[in-house]
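Residue-level structural notes
So the chains spell out like this:
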Amino acid sequence: LFLVFCFLLLCIPSDLLFAICFLVLCIPFEFRNSRFGLYLPILAATLNVVTMAVRSDQFTSPDYLQLDDLLTEEQKLIRESVRAYVKKEISPIIEDYAQKASFPEHIVKQLGDLGCFGPTIPAAYGGGGLDYISYGLMMQELERGDSGVRSTASVQGSLVMFPIYEYGSEAQRKKYLPKLASGEWLGCFGLTEPNHGSDPAGILTRFTDAGDHVILNGAKMWISNAPHAQVAVVWAKDDNDAIRGLIIERDMEGFSTPTTHGKWSLRASATGELVFDHVKVPKENILPNAKGLKSPLGCLTKARFGIAWGSIGAAMDCYDTALRYAKERIQFDRPIGGFQLQQKKLAEMITEITKAQLLNWRVAVLMNEGKATPQQVSMAKRNGCEVATNICRDARQMLGGMGITGEYSVMRHMMNLESVITYEGTHDIHLLITGMDITGFNAFK
Ligand code: TGC
Ligand code: FAD
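Everything in this summary refers to the structure shown in the same document.

Every one of the 18 residues lining ligand 2 counts as a neighbour, but Phe189, Thr192, Ser198, Trp222 and Thr426 are closest to it. Note that a nitrogen atom of ligand 2 is positioned 2.9 Å from one of the backbone N or O atoms of phenylalanine 189. Here an oxygen atom of ligand 2 sits 3.0 Å away from a polar atom, N or O, in the main chain of leucine 191. When ligand 2 is considered free in solution it has 980 Å² of accessible area, and contact with the protein chains removes 68% of it. Residue assignment for the shell around ligand 2 shows that the elements contributing at least two residues are β3 (213-224) and α13 (427-439). Class assignment for the residues of the shell around ligand 2 results in nine nonpolar, seven polar and two charged.

Right under this line is the structure:
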């Protein structure tokens, strides 16, 4: 019996440490033939199962308007496989990684195997050759697990693979895309600088012609994936002040990627700087077809689309958690879900989620038809972030004190979304993009 319980304890990986501690405690009692030798493993197994029940991923996806009817069987299958992956591989570990502000590097290969890197890039280059609804669903499911995981995938697919595919030479495509698609290499995207965030037109990083190579100098900051990346797509000005894209490899002399510490948000995602100190870059590493600010902004349109879907994934997780909690938590002899104030929060959450799902779906259809404008994508990104931020905040309140703990995902989502609402264009910048689109007046400058 003792051995059976030992097996039960050890086979639950997320609580391995817990199990081992109890096991160590049990052994002396067992050897003394004490009754405790039996009781302790039973107690340990029970506690373990209870802990697992609290921490396990019980997510049920909200679909209030039967939007599944708008999806093909293939799209649903893709969503289910990413959802199953998140339940199995992300949910059990992500809270611990976020608490210790550490990037789960092993997921890079897993995400590659699952096809989450470059799903819309043609299969001939290692991509998925899929449509934009499938891509959106993947990002939704990944961010349902954690915004940092979605970040890893959207940077790799939309900000590293996409520019190499769209603006790169055939040799560059063949050299980099398959390795990035499989997760053998991780990439990052360097546009933002210490003095140029919302206004990337002013970037100071530049390169000068030096015969068969160029010399790159400057610095980027706030770069997702940077500390672990083998490849960086970097935006810099040439001798004619034109913005160009360069592929920088980790081992190039003078290139370093210091880690950014002290984040309260996106803690399971690695963020860093890119520092270029007279880096000698072969000319064949310049993206031949990227010219001007519209090239990096074109990549951002793809990534912002992924964020529109991803942020709603985080919102869905918080709504689902709050709904379950409201049905189970008893106060004043009733489940708190029976009180009007809590129902108002839940009703508004599902309404906003449903509206955002419809908006995202429509933008994806337009993307598939090649008709979506960057401004429409901005609207979807801004809306997704706002809806998700509000829902996660309300969900956190509904969980009372438990809402601030790592036993539930809501506070982690809530903090993550502060980055998501800031990067890829801040909330205000996207509002101004819509404002300019509808009035024709530029309020940026
Ligand atoms: P502006 O004159 O408006 O535009 C310059 C040229 O670009 C074109 N364009 C776009 N093209 C494609 N997609 C878009 N989204 C585009 N937006 C603009 C535009 O038509 C123009 O073309 P042309 O032919 O006339 O030259 O440029 P501006 O200097 O006035 O700036 C406009 C503004 C503020 C909207 C833009 O610069 C902006 O979007 N700022 C926000 C910066 C930003 O989003 N940075 C993101 C950095 S990367 C990141 O955050 C990754 S986080 C990753 C993660 O972890 O998930
Ligand atoms: P600022 O541009 O200084 O803005 C400060 C405030 O001023 C904001 O509220 C903004 O809305 C407002 N503002 C600015 N201009 C105007 C205006 N014209 N009118 C009204 N209000 C205005 N960048 C990359 O290149 N690659 C990455 O991988 C990447 N990853 C990131 C990861 C994280 C966790 C974070 C936090 C950021 C990341 N970024 C990345 C940078 C991100 O894109 C920038 O932080 C963002 O674009 C805003 O720039 P900023 O921080 O310099 O803010």
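And the narrative resumes.
Once that is clear, we can look at a nonpolar patch on the surface. On the surface, a nonpolar cluster with roughly 400 Å² of combined accessible area is contributed by Tyr64, Leu65, Leu70 and Leu358. Secondary-structure assignment places leucine 65 in the loop between α3 (36-55) and α4 (73-99). The class of leucine 65 is partly exposed, set by a relative accessible area of 48%.

Neighbouring residues of ligand 1: 26 residues in total, closest Ser151, Ser224, Arg304, Glu424 and Gly425. Between ligand 1 and leucine 297, the relevant distance is 3.2 Å, taken from a nitrogen atom to a main-chain nitrogen or oxygen of the residue. A total of 1,100 Å² of accessible area belongs to ligand 1 in isolation, and the protein chains cover 73% of it. When its residues are assigned to classes, the shell around ligand 1 shows twelve nonpolar, nine polar and five charged.

Take serine 158: it is sitting in helix α7 (residues 147-167). In this structure serine 158 comes out as buried when scored by relative accessible area, which is 5%. Within the structure, the side chain of serine 158 is placed 2.5 Å from the side chain of tyrosine 135, a separation counted as a polar contact. Residues within four places of serine 158 in sequence aside, it is in contact with Tyr135, Pro163, Cys299, Lys302 and Ala303.

We now examine the pattern of salt bridges. Using the criterion set out here, one finds 23 salt bridges in the structure. Across the pair lysine 76 and glutamate 73 runs a salt bridge whose closest N-O atoms are separated by 3.4 Å. Of the two residues, lysine 76 and glutamate 73 both sit in helix α4, three residues apart, roughly one turn of that helix. One salt bridge in this structure joins aspartate 146 and arginine 412, with 2.7 Å as the shortest N-O distance.

Further remarks concern helix α11 (residues 374-398). Helix length check: α11 (25 residues) gives 36 Å between terminal C-alpha atoms against 36 Å at 1.5 Å per residue, within 8%. Residue glycine 400 follows α11 closely and has a positive phi angle near 55°.

Summarising the sheet, strand β2 (residues 206-209) and β3 pair through four bridges and their orientation is antiparallel. Bridged to threonine 208 within β3 is isoleucine 215. The hairpin turn running from β2 into β3, its antiparallel successor, is three residues long, and glycine 211 in that turn takes a positive phi close to 90°. Note that β3 and strand β7 (residues 271-282) share nine bridges and pair antiparallel. In the sheet register, lysine 220 faces β7, and the bridge partner there is leucine 274.

With their axes 9 Å apart at the nearest point, α7 and helix α8 (residues 170-182) run at an angle of 160° to one another. Regarding the angle of α7 to α8, the classification is roughly antiparallel. Handedness of the α7/α8 crossing: left-handed. Across the interface between the two elements, Gln156, Val160, Met161, Ile164 and Tyr165 from α7 touch Gln172, Arg173, Tyr176, Leu177, Leu180 and Ala181 from α8. Here the residues of the contact of α7 with α8 sort into eight nonpolar, two polar and one charged.

This part takes up the side chain of serine 311. With respect to the helices and strands, the residue serine 311 is situated in helix α9 (residues 294-328). Residue classification places serine 311 among the buried positions, given a relative accessible area of 0%. The contact partners of serine 311, leaving out residues within four places of it in the chain, are Glu143, Gly384, Cys385, Ala388 and Leu417.

The rules we used
- Residues numbered from 1 in each chain as written.
- Chains lettered and ligands numbered in written order.
- Predicted model: local features only at pLDDT ≥ 70, side-chain atom pairs only at ≥ 80, totals over all residues.
- Heavy atoms only, no water.
- Near = heavy atom within 4 Å.
- Polar contact = N/O pair within 3.5 Å; in protein donor to acceptor, adjacent residues only side chain to side chain.
- Areas by Shrake-Rupley, 256 points an atom, 1.4 Å probe, with all protein chains shown as cover.
- Helix = DSSP H or I, 4+ residues; strand = E, 2+ residues; numbered from the N terminus.
- Nonpolar A, V, L, I, M, F, W, Y, C, P; charged D, E, K, R; others polar.
- Patch = residues over 30% accessible without salt bridge, like charges linked within 9 Å, V, L, I, M, F, W, Y side chains within 5 Å.
- Salt bridge = Lys/Arg side-chain N within 4 Å of Asp/Glu carboxyl O.
- Buried < 20%, exposed > 50% of the residue type's maximum accessible area, 1.4 Å probe, protein only.
- Contact = heavy atoms within 4.5 Å.
- Expected span 1.5 Å × (residues − 1).
- Pairing = 2+ DSSP bridges.
- Axes fitted to C-alpha atoms, helices over the stretch in contact; angles between N-to-C directions.
- Parallel < 35°, antiparallel > 145°, perpendicular 65-115°, else oblique.
- Left-handed = near helix turned anticlockwise from the far one by under 90°.

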